[in-house]
Amino acid sequence: MRVHNFSAGPAVLPEEVLKEVQNELLDYRGEGLSVMEMSHRSATFQAIIDDAMATMKKLMNLGDDYDVLFLQGGASTQFYMIPLNFCPEGKTANYINTGAWSTKALKEAKKIGKKMHVAATSEDKDFTYIPKDFELSENPAYLHITTNNTIRGTEFHFEPNVPDDVPLIADMSSNFLSRPLNFKKYAVMYGGAQKNIGPAGVTFVIIRKDMKEKINSGLPTMMDYKTHLDKGSMFNTPPTFGIYVVGKVLHWIEKKGGLEALEKINIEKANYVYDILDNSDFYRGTVEKEDRSLMNIPFRLPTEELEKKFIAEAAEKGMIGLKGHRSVGGCRASLYNSLPMKAAQDLAEFMLDFEKKNR
Ligand SMILES: *Cc1c(COP(=O)(O)O)cnc(C)c1O
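In this report, the structure presented in the accompanying data block is examined. The shown structure was predicted, so the numbers you read here are calculated from the model rather than taken from an experiment. (Residues numbered from 1 in each chain as written. Predicted model: local features only at pLDDT ≥ 70, side-chain atom pairs only at ≥ 80, totals over all residues. Heavy atoms only, no water.)

1. A short note on the sheet that holds strand β2 (residues 66-71)
Strand pairs in the sheet, formed through backbone hydrogen bonds, run parallel or antiparallel to each other. The seven strands lie next to each other as β2-β10-β9-β8-β5-β3-β4, forming an open sheet whose pairing is mixed. The outermost strands of the open sheet, each flanked by one partner alone, are β2 and β4 (115-121). Within this sheet the neighbouring strands show an average axis-to-axis angle of 20°, counted without direction. Bridge count between strand β5 (residues 140-146) and strand β8 (residues 168-171): four bridges; the pairing is parallel. Residue pairing for β8: L143 is matched across the bridge by L168. (Pairing = 2+ DSSP bridges. Helix = DSSP H or I, 4+ residues; strand = E, 2+ residues; numbered from the N terminus. Axes fitted to C-alpha atoms, helices over the stretch in contact; angles between N-to-C directions.)

Written as structure tokens, this is what we have:
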């Protein structure tokens, strides 16, 4: 039996997709081999990657002015590829710091010797909110944000208003394709697939075409976006099997009705948990209401002992992944796209029952 998987990532995938993959595992559409065993230079794989790229752009309503890359190395590699490629001499990399992941991103910019400026931060209140204003440095190379803070459970519900000549760059790892965003406002969007759109091992990077001229010259081949843009993400062997699964998840999103439909479902799912947090003095949400995330919901119970008991009893009932990130403790329910509504309903029911028995 499958569990309800509330893990922050790698995370739940749609059961329909897993079954399709299972069906095609030994013999992909009569070709007599698995996608795993197939040359990335074959026409069959080319069709798979082309379709995944096109479907992603279609879901995002993006046209020919954007390119999609599927790379390796995780979002963490993008933390230094972004400043390496897009912050030239004499300019400053700007960051809005909203938690652990953005802190890691801005540290990388510094580490590779770039001038770095924190344009806004919510560190003063322990990253429990999203700053509404920011102040850019002189000569900003770009402004980088983290659209959803996986550990803290906050999410940007607006796009920062950057001047036209300042590219907006975003780590969208944990809320990618969970709802329609104003994607055209972003010059670069990236993330690890393993939160919302596929298995670990694939990093998606979406780059607006005009950014190609801004890429610094003389970079190591694999660290240079130009390499990957020029070769359609096939300079070297891409993560073929992961890309194939991502393609299937993207079609699953399409079948659900696209991002507008998913947003409605995701709001309904999140509200099962938020309604309890809002109406209880037993459970406590940890962030500002207006900034809270649809994807990751951290919460506390009255004591750490009760939190341990809660997590253990939930696991006995087939609900796993509810432990908060080790850096903040407590509990966290991640309700990504692929998590079925039933999982959120069952969690809510368990929460109410647990409160009754333990208050
Ligand atoms: C998980 C996560 C990362 C790290 O992704 P990796 O693919 O493991 O490098 C970065 N940013 C955010 C917002 C995340 O949720």
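On we go.
2. What to know about helix α8 (residues 304-316)
Quick reminder: α-helices carry 3.6 residues per turn. Residues three or four places apart thus point the same way. With 13 residues, α8 should reach 18 Å at 1.5 Å per residue; the first-to-last C-alpha distance of 19 Å fits that figure. All of the buried residues in α8 are L306, E307, F310 and A314. Along the long axis of α8, the arc covered by the buried residues comes to 105°, so they all point the same way. Residues of α8 that are exposed and point over 90 degrees away from its buried face: E304, E305, K308 and E316. Where α8 is buried, its residues contact β12 (296-300), β13 (319-320), β14 (331-334) and α9 (341-358). G318 lies just past α8 and shows a positive phi near 85°. (Expected span 1.5 Å × (residues − 1). Buried < 20%, exposed > 50% of the residue type's maximum accessible area, 1.4 Å probe, protein only. Arc of directions from axis to C-beta. Contact = heavy atoms within 4.5 Å.)

3. Comments concerning unusual backbone geometry
Looking along the chain, the bond that leaves G9 and enters P10 is cis, with omega of -10°. Phi is positive for F127, close to 60°, though the residue is something other than glycine. Summarising the element assignment, F127 is placed in the loop between β4 and β5. Non-glycine residue N139 carries a positive phi angle of around 45°.

4. Observations regarding the site of the ligand
Taken together, 13 residues lie around the ligand, and S76, T150, D171, Q194 and K195 are the ones closest in. T150 places a side-chain nitrogen or oxygen 2.4 Å from an oxygen atom of the ligand. Taking 390 Å² as the accessible area of the ligand by itself, protein coverage stands at 87%. Considering every element that reaches the shell around the ligand, the biggest residue donor is helix α3 (residues 74-86), with four residues. Residues that form the shell around the ligand fall into these classes: three nonpolar, eight polar and two charged. (Near = heavy atom within 4 Å. Polar contact = N/O pair within 3.5 Å; in protein donor to acceptor, adjacent residues only side chain to side chain. Areas by Shrake-Rupley, 256 points an atom, 1.4 Å probe, with all protein chains shown as cover. Nonpolar A, V, L, I, M, F, W, Y, C, P; charged D, E, K, R; others polar.)

5. Digging into a nonpolar patch on the surface
There is a patch of nonpolar side chains on the surface, built from L25, L26 and M36 and spanning about 330 Å² of accessible area. We classify M36 as exposed; its relative accessible area is 52%. (Patch = residues over 30% accessible without salt bridge, like charges linked within 9 Å, V, L, I, M, F, W, Y side chains within 5 Å. Salt bridge = Lys/Arg side-chain N within 4 Å of Asp/Glu carboxyl O.)

6. Describing the layout of surface pockets
Empty space within the largest pocket amounts to approximately 310 Å³. The wall of the largest pocket is formed by 25 residues, among which H4, E15, S338, L339 and P340 lie closest to the centre. Only β1 (4-5), α1 (15-24), α6 (240-256), α7 (258-278) and α9 provide two or more residues apiece to the lining of the largest pocket. Per-element accounting of the lining of the largest pocket gives the leading share, four residues, to α9. Of the residues that constitute the lining of the largest pocket, the class distribution is 12 nonpolar, five polar and eight charged. (1 Å grid on protein atoms, 1.4 Å probe; cavity = no way out; pocket = protein on both sides within 12 Å on 5 of 7 lines; lining within 4 Å. Points joined across faces, edges and corners; volume = space filled by probe spheres on them.)

7. What about the packing of aromatic side chains?
Considering all chains together, one arrives at 16 aromatic pairs under this definition. Measuring from ring centre to ring centre gives 6.5 Å for F79 and W101, while their planes differ by 50°; the resulting arrangement is tilted. With F79 in helix α3 and W101 in helix α4 (residues 100-111), this residue pair connects regions lying 22 residues apart in the sequence. Ring centres of Y283 and F299 lie 6.0 Å apart, and the angle between their planes is 80°; this geometry places the pair in the edge-to-face category. Placement of Y283 in the loop between α7 and β11 (284-285) and of F299 in strand β12 is noted, with a sequence separation of 16 residues between them. We note that Y283, like F299, is buried. Sitting above the plane of the Y129 ring, K125 keeps its charged end 5.7 Å from the centroid. (Phe/Tyr/Trp six-rings, centres within 6.5 Å; stacked < 30°, edge-to-face > 60°. Lys NZ or Arg CZ within 6 Å of the ring centre and 35° of its normal.)

8. Re the pattern of salt bridges
A full pass over the atoms with the stated rule returns 21 salt bridges. Of the charged contacts in the structure, one is a salt bridge between K212 and D230, with a shortest N-O distance of 2.7 Å. Taken together, the residues span a long stretch of sequence, with K212 in the loop between β10 (203-208) and α5 (225-230) and D230 in helix α5 at a distance of 18 residues. Residue classification places K212 among the partly exposed positions, given a relative accessible area of 30%. Its salt-bridge partner being R300, residue E307 comes within 2.7 Å of it at the nearest N-O pair. Of the residues examined, E307 reaches a relative accessible area of 5% and is grouped as buried. With a relative accessible area of 18%, R300 lands in the buried category.

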